[in-house]
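Read off the chains here:
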Amino acid sequence: MLIPTRNRPAELAVTLAGLAAQEGVAGFGVVVSDQSDGDPAYAHPAAATMVRALRHRGHPVLLTRRLPRRGLAEHRAYLLDASVARYVLCLDDDVWLEPGTLRRLVTAIGELGCGFVGNAVHGLSYVDDVRPQTHRHYEEWAGRPVPERVRPGTPQWQRASIHSAANLLHVTAGLRLPAGAWRAYKVSWVGGCVLYDRAALVDSGGFDFWRRVQPNHQGEDVAAQLAVLERHGGAGVLPSGAYHLESPTTVTERDVEAWEVVLADSPERV
């Protein structure tokens, strides 16, 4: 579990609490890397308690600081280098996972054999805001996901619209899945909670493109996932057990979309 954080002690505590409640995946480790302006977020009593709870339940937790800040992509690259696990979960510091989420994701990536699987985050403040026009972008994989080259301006790029607000929650409700069932569907990218096959992520370049983008960027997760999709395939998984805390962003300077820089550098750009 790779968690970058900055200036979010309360949110980090909730995120860690979600991990501490996971069962069915024994011995997973957690790495938290902090870039707060003051004391690290994991020093807050609530977050520190959840760290102790994870360790008590048999999960090693590494607490680090990564300063000075060089941008989101560099921070994720640092976290990736800190793990040698077969699977790595890139988890944002403002996402709560309901019990059973991690087990479902690990099961899915094992059965699908693709480069990543993800749980798009639900914004529960939008639960009464039903947007049926976005549901048409939901398309299930009939079998194992195959590599795809997804680019702006293509129909595949529009898949991301089902991940806004509470759209995926509404799509899931409409499927009426039996207890314990899950489905894999086609994505352009997934934000907030993505489980990678580490070897596939590294083979696709990981987050090493951080050297090519200025520090004030966003979209580093999109850039990495587009690369993994093209080489190894990927999928979203529903039901999603990931819930966005809907706190104000700590990424206030977003001058550049990292994925735009990476695609512009590609010799086969569209």
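- For the chain, the name recorded in an unreviewed UniProt entry is Glycosyl transferase, with Micromonospora haikouensis as its organism.
- Of the chain, the UniProt comment under Sequence similarities (unreviewed entry) reads exactly: "Belongs to the glycosyltransferase 2 family."

**Observations regarding the overall build of the chain**
(1) Moving on: Helix and strand counts for the chain stand at nine helices and 12 strands.
(2) Moving on: Its C-alpha atoms give the chain a radius of gyration of 18 Å, within 12% of the compact-globule value 18 Å for 270 residues.
(3) Moving on: Each of the three principal axes of the chain carries a C-alpha extent, and together these read 45 × 45 × 35 Å.
(4) Moving on: Residue burial in the chain is summarised as follows: out of 270 residues, 52% are buried.
(5) Moving on: Of all intrachain contacts in the chain linking residues separated by at least 6 positions in sequence, the fraction that spans at least 24 positions is 85%.

**Let's talk about the pairing of strand β1 (residues 2–5)**
Regular strands place side chains that alternate from one sheet face to the opposite one.
(1) Moving on: Along β1, one buried face is formed by L2 and P4 and the opposite face, lined by I3 and T5, is buried too.
(2) Moving on: Sheet analysis places β1 next to strand β2 (residues 30–34), joined by four bridges and oriented parallel. Within the sheet, the bridge partner assigned to L2 lies in β2 and is V31.
(3) Moving on: Taken together, β1, helix α1 (residues 9–20) and β2 constitute a β-α-β crossover, and its handedness is right-handed.

**Observations concerning unusual backbone geometry**
(1) Moving on: The amide bond that connects L67 to the next residue, P68, takes the cis arrangement and shows omega of 0°.
(2) Moving on: Structurally, the position occupied by P68 is in the loop between β3 (61–65) and α3 (72–81).
(3) Moving on: Looking along the chain, the bond that leaves L238 and enters P239 is cis, with omega of 5°.
(4) Moving on: In this fold, P239 is placed in the loop between β10 (234–238) and β11 (242–244).
(5) Moving on: Of note, A165 is a non-glycine position whose phi angle comes to about 50°, a positive value.

**Notes on α1**
(1) Moving on: Helix length check: α1 (12 residues) gives 16 Å between terminal C-alpha atoms against 16 Å at 1.5 Å per residue, within 8%.
(2) Moving on: Residues of α1 that are buried include every one of E11, L12, A13, T15, L16, G18, L19 and A20, and no others.
(3) Moving on: The inward-facing, buried residues of α1 abut β1, β2, α2 (45–56), β4 (87–91) and β5 (95–97).

**Brief notes about helix α9 (residues 258–265)**
Residues lying three or four places apart along an α-helix face the same way, a consequence of the helix completing one turn every 3.6 residues.
(1) Moving on: When we look at burial in α9, the residues that qualify are A258, W259, V262 and L263. The arc that holds the buried residues of α9, viewed along the axis, is 125°, so those residues lie on one side.
(2) Moving on: Residues of α9 that are buried in the fold lie against β9 (217–218), α8 (220–232) and β12 (256–257).

**Structural notes on the environment of Q156**
(1) Moving on: Structurally, Q156 can be placed in the loop between α5 (132–135) and α6 (167–175).
(2) Moving on: Sequence separation between Q156 and H137 is 19 residues; the distance between their C-alpha atoms is 8.4 Å.

**Focus: the UniProt feature "domain: Glycosyltransferase 2-like" (unreviewed entry) in the chain**
(1) Moving on: Taking the UniProt record as the reference, the feature "domain: Glycosyltransferase 2-like" (unreviewed entry) is found at residues 2–140.
(2) Moving on: Regarding residues 2–140, the helix share stands at 36% and the strand share at 18%, and the terminal C-alpha atoms are separated by 28 Å.

**Examining the packing of α1 against α2**
Two quantities define a packed helix pair, namely the angle between the helix axes and the distance between the axes.
(1) Moving on: Two elements in contact, α1 and α2, have axes whose closest approach is 8 Å; the angle formed by their N-to-C orientations is 20°. Classified by the angle between their axes, α1 and α2 sit roughly parallel to one another. The element α1 and its partner α2 pack so that their crossing is left-handed. For the pair formed by α1 and α2, the contact residues are P9, L12, A13, L16, A17, L19 and A20 on the first element and A46, A47, M50, V51 and L54 on the second.
(2) Moving on: Residues belonging to the contact of α1 with α2 are distributed by class as follows: 12 nonpolar, no polar and no charged.

**Observations regarding the packing of aromatic side chains**
(1) Moving on: Summed over the entire model, instances satisfying the criterion amount to six aromatic pairs.
(2) Moving on: The interplanar angle of 45° and the centroid separation of 5.7 Å between the aromatic rings of W96 and Y243 together place this pair among those described as tilted. Of this pair, W96 sits in strand β5 while Y243 sits in strand β11, and the two are 147 residues apart along the sequence.
(3) Moving on: Given the relative accessible area of 31%, W96 is considered partly exposed.
(4) Moving on: A network of ring pairs unites the aromatic residues W157, W189 and W259 as a single cluster.

Procedures and definitions
- Residues numbered from 1 in each chain as written.
- Predicted model: local features only at pLDDT ≥ 70, side-chain atom pairs only at ≥ 80, totals over all residues.
- Heavy atoms only, no water.
- UniProt positions renumbered as here; feature names shortened; annotations may be inferred.
- Helix = DSSP H or I, 4+ residues; strand = E, 2+ residues; numbered from the N terminus.
- Rg over C-alpha atoms; globule rule 2.2 N^0.38 Å.
- Buried < 20%, exposed > 50% of the residue type's maximum accessible area, 1.4 Å probe, protein only.
- Contact = heavy atoms within 4.5 Å.
- Pairing = 2+ DSSP bridges.
- Right-handed = clockwise from strand over helix to strand, strands pointing away.
- Expected span 1.5 Å × (residues − 1).
- Arc of directions from axis to C-beta.
- Axes fitted to C-alpha atoms, helices over the stretch in contact; angles between N-to-C directions.
- Parallel < 35°, antiparallel > 145°, perpendicular 65-115°, else oblique.
- Left-handed = near helix turned anticlockwise from the far one by under 90°.
- Nonpolar A, V, L, I, M, F, W, Y, C, P; charged D, E, K, R; others polar.
- Phe/Tyr/Trp six-rings, centres within 6.5 Å; stacked < 30°, edge-to-face > 60°.

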